[in-house]
Amino acid sequence: EKVWKRDLSWQVISAATARTEDLLESPILFISGRQNLFLTPAQKNALKAYVEQGGFIFAEKACGGEEFDRAFRSLMQELFPESPMRSLRPDHPVWYAEERVDAKFVQPVLEGIDACCRTSVVYSTRDLSCFWELDYEDRPEQRSYPPAVQEEIRACRAIGVNVISYATGRQLKN
């Protein structure tokens, strides 16, 4: 919101009941987790159709969630077998669409899947959202973080902004 100087919104979607049409109400589906993903064949089909119809998945492994990591990788391989997950190189727009980010602050890497003529899935093994929660300039404690942590918070926020910018081309629904 601060970067684009406009209000943004979000919604929670239940995987148990979401249809492709429901998912398509949002240009980006953010999936974060620590535990295994248990999706039915219908849910998997809806997710694949969402991407095929222009949707974008931004996912992260939260809080060391090795179960989630294995399950998400397996799901992506099942849904997009022709497009293996790969590291996103420093020349990919998610590293600079709005603000250039030094990859050393978002380790180990960002990965992606190219489907439907573009990178349609971005996956972080770093729990970026934990740093997003720390990114409040009006919080006095943020000023007390060591400079390296402050830089890490800024880099993780910038990745989020860059991914949204890349995924939407800054053309958000009204």
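In the block above lies the structure referred to throughout.
The structure presented is a predicted model; accordingly, all values stated were derived computationally and were not measured. (Residues numbered from 1 in each chain as written. Predicted model: local features only at pLDDT ≥ 70, side-chain atom pairs only at ≥ 80, totals over all residues. Heavy atoms only, no water.)

**Q** Help me out: how do you make sense of the pairing of strand β2 (residues 56–61) in this one?
**A** Looking along a regular strand, one sees the side chains alternate between the two faces of the sheet. Burial analysis of β2 places 6 of its 6 residues in the buried class, which makes it a mostly covered element. Here strand β1 (residues 28–33) pairs with β2 via 6 bridges, running parallel. Each residue of the ladder has a partner; that of F30, found in β2, is F58. After leaving β1, the chain enters helix α2 (residues 41–52) and then returns to the sheet as β2, a path that is right-handed. Alignment of β2 against strand β5 (residues 118–124), held across 4 bridges, turns out to be parallel. Within β5, the position partnered with E60 by the bridge is S124. (Buried < 20%, exposed > 50% of the residue type's maximum accessible area, 1.4 Å probe, protein only. Helix = DSSP H or I, 4+ residues; strand = E, 2+ residues; numbered from the N terminus. Pairing = 2+ DSSP bridges. Right-handed = clockwise from strand over helix to strand, strands pointing away.)

**Q** Looking at this model, I keep getting lost on helix α3 (residues 66–79). Mind explaining?
**A** The first and last C-alpha atoms of α3 sit 20 Å apart over 14 residues, in line with the 20 Å expected at 1.5 Å per residue. Inspection of α3 places F68, D69, A71, F72, L75, M76 and L79 among the buried residues, and these make up the whole buried set. Of the surrounding elements, those touching the buried residues of α3 are β1, α2, β2, β4 (110–115) and β5. (Expected span 1.5 Å × (residues − 1). Contact = heavy atoms within 4.5 Å.)

**Q** What is the right way to look at the packing of aromatic side chains in this model?
**A** Evaluated as defined, the whole model comprises 5 aromatic pairs. On the numbers, 5.6 Å between centres and 65° between planes, the contact of F30 with F58 is edge-to-face. Here F30 is found in strand β1, whereas its partner F58 is found in strand β2, with 28 residues between them in sequence. Classification of F30 as partly exposed rests on a relative accessible area of 35%. Given a relative accessible area of 4%, F58 falls into the buried group. With a centroid separation of 4.7 Å and 25° between ring planes, the pair formed by F72 and Y123 is classed as stacked. Highlighted residues: F72 in helix α3 and Y123 in strand β5, separated in sequence by 51 residues. With a relative accessible area of 0%, F72 lands in the buried category. Residue Y123 is classed as buried on the basis of its relative accessible area, which comes to 0%. (Phe/Tyr/Trp six-rings, centres within 6.5 Å; stacked < 30°, edge-to-face > 60°.)

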